[in-house]
Each structure stands twice: as structure tokens, then as C-alpha cells.
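A look at the structure
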Amino acid sequence: MKKKTRRLSVIALLLSAAVFTACSAPVSSNATNTTEAQTTTEERSNSAKVAFNGKEIETFADPIYAQKMKEYNVNGSNFVVVKDGKVLVNKGYGYADKEKKTLVDKNTVFQIASVSKTFTALAALQLVEQGKMDLDHDINTYLGGMKVPNETETPLTLRSMLSYTTGFDYPDKANFVAPEYVDQDIPMKKFMTEHMPTVVRTPGEAYTYDNFAFLLAGYAIENISGIPFYKYMENQVFKPLGMDSTSARFTPELLDRMATHYGPDGKPHPTFGHAPTDGPQGSILSTGEDMAKYLTLFQQQGSVNGKQIISKETTKMMQTYSVFANELLPMTTIGGFEGYRNDLMNGHHVVLKGGNMPGHQSLIVLLPEENTAFYMSYNNDTMMSLDIYEALMDHYFPEKKAPEAPTYLPLPASEAAKYTGTYLNTRFYFLKSNFTYADGNLIMETGTSGTHTLRMINPLLFEDESGNKLAFKKDHNDQIEYFYYTNPNSPDFVSDARKVHTKPAFADVSEESAYKSYIDNLYSLDVISAKSGNNFEPQETMTQGEFMDALILAHGWYGFPHLIEGNKELTKKGIPGFDRNAVITRQVAAVMIQNLKQAKKASEITLKGDTDVWAADAITALVSQGIVDPDTKVNDDGTVDFRSKKPLLRQEASAILDLAFGYYTLPIKH
């Protein structure tokens, strides 16, 4: 089956990227090949040998870059290939600054964003080697009195942090980026004290892409070493590696050589900085020249220019998977590297790390068994890197043998019950999936990639109709609690999803209530709670502030707390005299939902009764999409009395919020 390349990452679209137009991609006039040493790969499945040297790689890569840069509207990119500790290619394509016609070369500076995590892991592991930290000790030991809240009985350790398995409720509390941070100096300790997440899942149990884990690791490095994080990185990592144009914070010289950042419209935009200023999770700047030295480190067993930066054992550990969704699906190493897009690995041992900042994108790819590595950075934040990665793998490291077609096992209804239910992504709380059983298979419903039929390969491992694997995982109580999905068209692949469990029923919501399923859904998702004791008080009103808070939770972006204030401002748009303490009307609630939902009008709706002009479009859009409480009926002629100026009741709020952001209205299963 031919692999399907994802043209634009769902996550990149959600976080920063959009659709880009075409641009040209001239090759830098001072691009360099540092060696022309001839090497060859193994015998391939087609019995042909593919040459692997600087000239051949450029011959293959140049037209690929030209095509993909045009397709993704990338103005400029660097490209590095290292094998057996030798740099085969280190060159630039296109413009670092299109307006000034400045070409990308090996000395052009890019923000490598989350690729920084691998450097932070390396630094932490240096201190582990020195006996100053331990991978399996409680991390609070290394924080100088700062404490990480933990609701589990298992300590949070450096091992879990460096492998994305902390169990944090808000793993993106460290993900603050904005232009105004470029010129500020925001200390880590102050920032972390104000934005500390809580461990809510057993550490080591579930994979969640985690920015805060690496910020916390960086603070531990700073505290234990006794010097600022950026200075530690400079003295103990960058300088020993000879990376003279790499830094964990901005410097005037590096800013002067930085590639211009471009937005979705193809126009340049400001450089974004981090809060805190030192961002162990993503603030490093570097060049192709320096990153080639970093790649060499892994091919020379931790040594560069005769200097042992890390031990051979640590070098191997950083490239060895320690967390798996299933034995066939590697996920992360104790080193910040990941294994997403298994379908592009062609059966080879590959570890990789991508990085995204507004206007810059990076990717590092290591093939330890081939002693080969690729690296690229470019100046917009599309997912061009995955297309180029796929092309390189298919050309130089194709499948050694065709994968065997799986044999599917029958799934009895009695066995299916342990998988069925509703699951919530542990990073993106707007991603919900529901599993039911039909005709011997699991049926998966999602709000992003649609409905999928899953056939069982073995207990815990399933495959959808396109060949994408889905692995269920057990918790510390040996109960199925998580799943990981490899579908590249679904953003679920960025983290595990956790089963949602029902909560005790409210005493004042009857089984016969048309609102019960909505109320139960939102209660189990922690969007709503009891009003008093175990009573929901379904007929009570809400204030505009109470509804706003519930709306933000239902919308699902509360996993990114720094976005909450912006979303709150957005919800108020177009509402005259917004007042958090005022009782909310139905029309105000409709406008607030539509400000976030942006539902498209699906049919002609005519409003009866009294509705203010500023609310009419929002109400008709929502009603046409079926986002309406059970007591509001649309007549056959398309007319509806929305009771726009009536107070919104708590049960009505539950219904419209669940319909707007729940993707389905099914009772959540145990």
C-alpha cells in the first residue's frame, strides 16, 4: 500500500501554519560540500545499490527542495547530511531574506525550536553521568525547594520528564512565545512558580508531548550546576562541540544572521521570543554548520574532536526507544527524541525531533544503525520537512522487505467492552474519540478524521481501514486506560488519549430528562460541576462569566493556559455591555459560542420572536447546524423561536455546549 504523505500537519494548522503560496528556491552561491568520500548503502530489496556521497545526494535533493519549497511557499532552507562522522552535505537553498535577496548558507541562523529538547536532555544526562542527578529520583530533590504538585502516588522523575511521560495536566504551560519576549529577560524560577502544572496521571504511564517537562529539566540543570541554564549550555555543550553560532538565548550577532520569519501570507513577520527567556524546551538558535557538529556527536559515540561530551552508553540511550505504544510502535527515547510517523521509517531504526516556531521549522533525523543523519531548518512553519524526510528515506533507505499483511483476530462483544467508551487526548483537550462495537470490530468516531473501523491484530493492537495502527495501553491497575493512534491525518498521534469515566449522577437530574446525556458528558469531562452538594440545579440561570468559563473548557483549548485570556476576549466580541456578573441570555450565549465555533450556516433559518440584530447571524448558524437545546424546535418551514432574550438555564447551557464542542452526544461509558 502506498504511503499517504500529509501535505500540511493538522497540528501545525491548529497552532500556527496555514495555506502558503509558491516561491522560488535558488541555491546559495556559497553552499559547501565538506567531503566527497564515497560510501554505499546496504543491498536494497531491488538488488540495486544507491550511491551515498555529497554529489549524488545533492543531485537527488536539489530538485526535491525546488519542488517542495515552491509547493509549501518556503523562501529559504538549509540542508545537512552527515554519515560516519563526516559531513557530506551542508548547504542552503533559497533566501534567508527574500526582500534583500540574502541567500541561505551554512552560517544562516534559524530558531530550531523543540529540537532544543534533545540538547536539554543531553545536558541533564551529563549531570546524571557525574552523579549530580539520578534518572529515577524524585525531581523535587533537584529544584532547590520548588515543589511540583503531584496527585499520584508515584514520584515524578527525570526519566519520565525526558521521555514525555510526566502525567502533567497542562504540559504546554511552558509554551509562551511572542515578539515582545525577544527583548525581555524573564527568569525561569519566577515563571515556573506562576505557571506550575500538576501531575495527574501516574508518571511513566502515558505519552504526552510535553513542553513543561523540558523547562523543568532545564531548571534542574540550572539549580544543580549553580549557573544559569544558557551559560551551562554554552560552557558544557556548545563550546565543547565547537558550536560557536549556537545559543539558548538571543544575542545581537545571532539575530543579525537570523533568517527572516515568514507568515501564511508570504510576508515577513517579527521574530518570536520565549517566556521564560531561557527556554530549555525550545529557545535554541543554531546554524547548519553547528548542527552538523551535533549530528557528528551521535555518530562518534559521544565524542567530537577528541572531547567526550557524553559517554558511549548515554549516546546509545538517547537513540534507543524506551517508551512504546506497542512493541511495533516506538514512541520516545530518554533523550527527547521521538518516533512519530512510523510509516515513513520503512522498517528502519529512526529517531527524530521536529521543532516549530512561528515562521521557522526544523527537523533532525538520526538512523543509528546506518550511522547517518539528516537535518534541515527553513523559514516558514509548514510541514515541508516530512515530505523531504519521506523522499530521502524512500530513496536511500527503502523497505528491506515488503511488510506482511496482518492477520485479524475475531473480537467478541464480551471482549470489546473493555475498549469501548470515550477518550480525551492528554494534550489537546478538544480531541475526543468514542469507541463502540459492531459486527466484530471497533468503530471509532472522532471530530477530526471522521469514523474508522478497527480490526484487531492482537489484544491491544488494532488497524483501521487505511492500515494505520491504533494501540490501546493499560494503566498501573492493569486496566485499559489509553490509546495511541498513528493516523497522520488525525492530531491524536501527538499524545495518548485517556478514557473518560462516568461520575456519580446528580441527584436532581432524572433519568428521563432530555438533558441528562449532555449534563453527564460535560460533568465527566470536568466542564461543569455541581451547583450545591450533589445537585446540578438544571433550572437555574448562569452569569455571563460562569458561561464563559464553561465555554472555554468545552472548547478544549484550556490545555494551553496562555491562550485562555485571548479566547475569553474573543468570546465577548460583538456583545454590547458584556458583564461577567450579569445573568446570561440565550442570545448572548449563542454569540459567545459562535465566536469560537465559527459554524457555517447549513440551511435557511428564520427567527421568530424578539432577537437583537447583533445576535441573529450567530443564532441562525448554530440552529442550522443542530446546535440547539431539546426544548427549542425548528418547524418544517425553517422557522424557530429561539427565545433569544430569555435567561439561559444550566441544562440548556449543557446541551448547546456539548453539541457545539463534543462532536457527538453519546453517553460516556465506564
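Data block above holds the structure.
Below is a summary of the structure that appears in this document. (Residues numbered from 1 in each chain as written. Predicted model: local features only at pLDDT ≥ 70, side-chain atom pairs only at ≥ 80, totals over all residues. Heavy atoms only, no water.)

**Here's the deal with the nonpolar core**
Just so we agree on the cut-off: To define a nonpolar core, start from buried Ala, Val, Leu, Ile, Met, Phe, Trp, Tyr and Cys residues and group those joined through side-chain atoms within 4.5 Å. When a residue's accessible area, from a 1.4 Å probe over protein chains only, is under 20% of the maximum for its type it is buried; when over 50% it is exposed; and in between it is partly exposed. By definition, any uninterrupted DSSP run of H or I lasting at least four residues is a helix, any uninterrupted run of E lasting at least two residues is a strand, and each is numbered from the N terminus. For this analysis, residues touch if any pair of their heavy atoms sits within 4.5 Å.
Of all hydrophobic cores here, the largest spans 125 residues; its most connected members are F119, I139, L162, L216, Y294 and Y389. Among the elements that take part in this core, helix α6 (residues 211–225) stands out by supplying nine residues, more than any other. Other than its neighbours up to four places away in sequence, I139 contacts V148, L156, T157, L158, M161, L216 and A220. Membership of the second largest hydrophobic core comes to 50 residues, among which are V500, Y518, L596 and L622.

**A closer look at the sheet that holds strand β17 (residues 360–367)**
Short version of the rule: Only strands joined by at least two bridges in the DSSP assignment are considered to pair. A fitted line through C-alpha atoms represents every axis, and for helices the fit uses only the stretch in contact; the resulting angles, taken between N-to-C directions, go from 0 to 180 degrees.
Here six strands make up an open sheet; going across it, the order is β5-β4-β3-β18-β17-β16 and the pairing antiparallel. Looking along the sheet, the strands with just one partner apiece sit at the ends: β5 (102–103) and β16 (351–357). Pairing of strand β3 (residues 76–83) with strand β4 (residues 86–97), which is carried by eight bridges, proceeds in the antiparallel orientation. Bridged to S77 within β4 is Y93. On the sheet, helix α2 (residues 54–72) packs against β3, β4 and β18 (372–378) and is oriented at approximately 25° with respect to β4.

**Quick notes on the sheet that holds strand β24 (residues 469–474)**
Read around the barrel, eight strands follow the order β19-β20-β21-β22-β23-β24-β25-β26 and close on themselves; strand pairing throughout is antiparallel. Direction aside, the axes of adjacent strands within the sheet are offset by 30° on average. One ladder, built from four bridges, connects strand β21 (residues 441–446) with strand β22 (residues 451–458); its direction is antiparallel. Considered in β22, the bridge of M444 is made with H452.

**A word on empty space enclosed by the protein**
Just so we agree on the cut-off: Grid points spaced at 1 Å and placed over the protein atoms alone form the basis of the search, with a cavity being a set where a 1.4 Å probe fits but cannot get out and a pocket an open set showing protein on both sides within 12 Å along at least five of seven lines. Lining residues have an atom within 4 Å of a point. Grid points are joined across faces, edges and corners, and a volume is the space filled by probe spheres set on the points. Three classes are used, and their members are as follows: Ala, Val, Leu, Ile, Met, Phe, Trp, Tyr, Cys and Pro are nonpolar, Asp, Glu, Lys and Arg are charged, and the others, Gly among them, are polar.
Across all of its chains, the model carries eight cavities of 30 Å³ or more by this definition. The computed volume of the largest cavity comes to approximately 60 Å³. Taken together, Q111, Y181, A248, R249, F250, G273, H274, T277, S283 and L285 make up the lining of the largest cavity. Its residues placed into classes, the lining of the largest cavity shows four nonpolar, five polar and one charged.

**Topic: the pairing of β17**
Judged by how many residues are buried, β17 sits mostly within the fold: eight of eight residues are covered. Where burial is concerned, the two faces of β17 agree: the one with H360, S362, I364 and L366 and the one with Q361, L363, V365 and L367 are both buried. Of the strand pairs in this sheet, β16 and β17 are connected by seven bridges, and their pairing is antiparallel. Each bridged residue has a counterpart across the sheet, and for N356 the counterpart in β17 is Q361. Pairing of β17 with β18 involves seven bridges; the strand directions are antiparallel. Residue pairing for β18: L363 is matched across the bridge by M376. Joining the antiparallel neighbours β17 and β18 is a turn of four residues, in which N371 adopts a positive phi near 50°.

**Brief notes about the packing of aromatic side chains**
In plain terms, the rule: Stacked, tilted and edge-to-face are the three classes applied to pairs of Phe, Tyr and Trp rings, where Trp contributes its six-membered ring and a pair requires centres within 6.5 Å; stacked means planes under 30 degrees apart, edge-to-face means over 60, and tilted covers the rest.
Scanning the entire structure with this criterion turns up 37 aromatic pairs. Look at Y423 and F472: their rings are 6.1 Å apart centre to centre, the planes differ by 55°, and that puts the pair in the tilted class. Of this pair, Y423 sits in strand β19 (residues 421–425) while F472 is found in strand β24, placing the two residues 49 residues apart along the sequence. This pair shows no difference in class: Y423 is buried, exactly as F472 is. With centroids separated by 5.4 Å and ring planes inclined at 65°, the aromatic side chains of F435 and F472 adopt a geometry described as edge-to-face. Of this pair, F435 sits in strand β20 (residues 432–438) while F472 sits in strand β24, and the two are 37 residues apart along the sequence. By relative accessible area, F435 is classed as buried at 0%.

**Considerations on the environment of F661**
Within the element layout of this structure, F661 appears in helix α18 (residues 650–661). Its relative accessible area of 7% is what places F661 among the buried residues.

**Some words on the side chain of K568**
Tracing the sequence through the fold places K568 in helix α15 (residues 564–571). The class of K568 is buried, set by a relative accessible area of 19%. Once you skip the residues sitting within four places of it in the chain, K568 turns out to touch M548, D549 and I552.

**What to know about the pattern of salt bridges**
Cut-off, in case you're wondering: When a carboxyl oxygen of Asp or Glu lies within 4 Å of a side-chain nitrogen of Lys or Arg, that pair is called a salt bridge.
In the structure shown here, the tally under the stated rule is 34 salt bridges. Between K469 and E463 there is a salt bridge, and its shortest N-O distance comes to 2.9 Å. Given the relative accessible area of 22%, K469 is considered partly exposed. Residues D526 and K503 are paired through a salt bridge, measuring 2.2 Å at the closest nitrogen-oxygen approach.

**Things to note about helix α16 (residues 586–597)**
What counts, and what does not: Take the number of residues in a helix, subtract one, and multiply by 1.5 Å to get its expected span.
Compared with the 16 Å implied by 1.5 Å per residue over 12 residues, the 16 Å span of α16 between its first and last C-alpha is a close match. Buried residues of α16: R586, Q587, V588, A589, A590, V591, M592, I593, Q594, N595 and L596, and no others. In this structure, the buried residues of α16 make contact with α14 (544–555), α15, α17 (613–624) and α18. In the segment just after α16, Q598 is the residue with positive phi, at about 50°.

**Description of the packing of α2 against helix α11 (residues 384–396)**
Worth spelling out the cut-off: The labels follow the angle: roughly parallel below 35 degrees, roughly antiparallel above 145, roughly perpendicular from 65 to 115, and oblique for the rest. Should the near helix be turned anticlockwise from the far one by less than a right angle, the crossing is left-handed, and should it be turned clockwise, the crossing is right-handed.
Where α2 contacts α11, the axes come no closer than 10 Å and their chain directions differ by 150°. Viewed along their axes, α2 and α11 adopt a mutual orientation that is roughly antiparallel. Taken as a pair, α2 and α11 cross one another with a handedness that is right-handed. Residues E56, I57, F60, I64, Y65, K68, M69, E71 and Y72 of α2 pack against M384, D387, I388, A391, L392, H395 and Y396 of α11. The class makeup of the residues in the contact of α2 with α11 is 11 nonpolar, one polar and four charged.

**Details of the pairing of strand β15 (residues 329–333)**
Most of β15 is tucked away, with five of its five residues classed as buried. Bridge count between strand β14 (residues 321–326) and β15: four bridges; the pairing is antiparallel. Counted as the bridge partner of N326 is L329 from β15. Following β14, the chain reverses through two residues before pairing antiparallel with β15.

**A short note on the packing of helix α3 (residues 116–129) against α6**
For the pair α3 and α6, the least separation of the axes is 10 Å and the interaxial angle reads 40°. Classed by the angle they form, the pair α3 and α6 counts as oblique. In this structure, α3 crosses over α6, and the sense of that crossing is left-handed. Listed contacts from α6 to K117, T120, A121, A123, A124 and L127 of α3 are N211, F214, A217, G218, I221 and I224. Class assignment of the residues belonging to the contact of α3 with α6 gives a composition of eight nonpolar, three polar and one charged.

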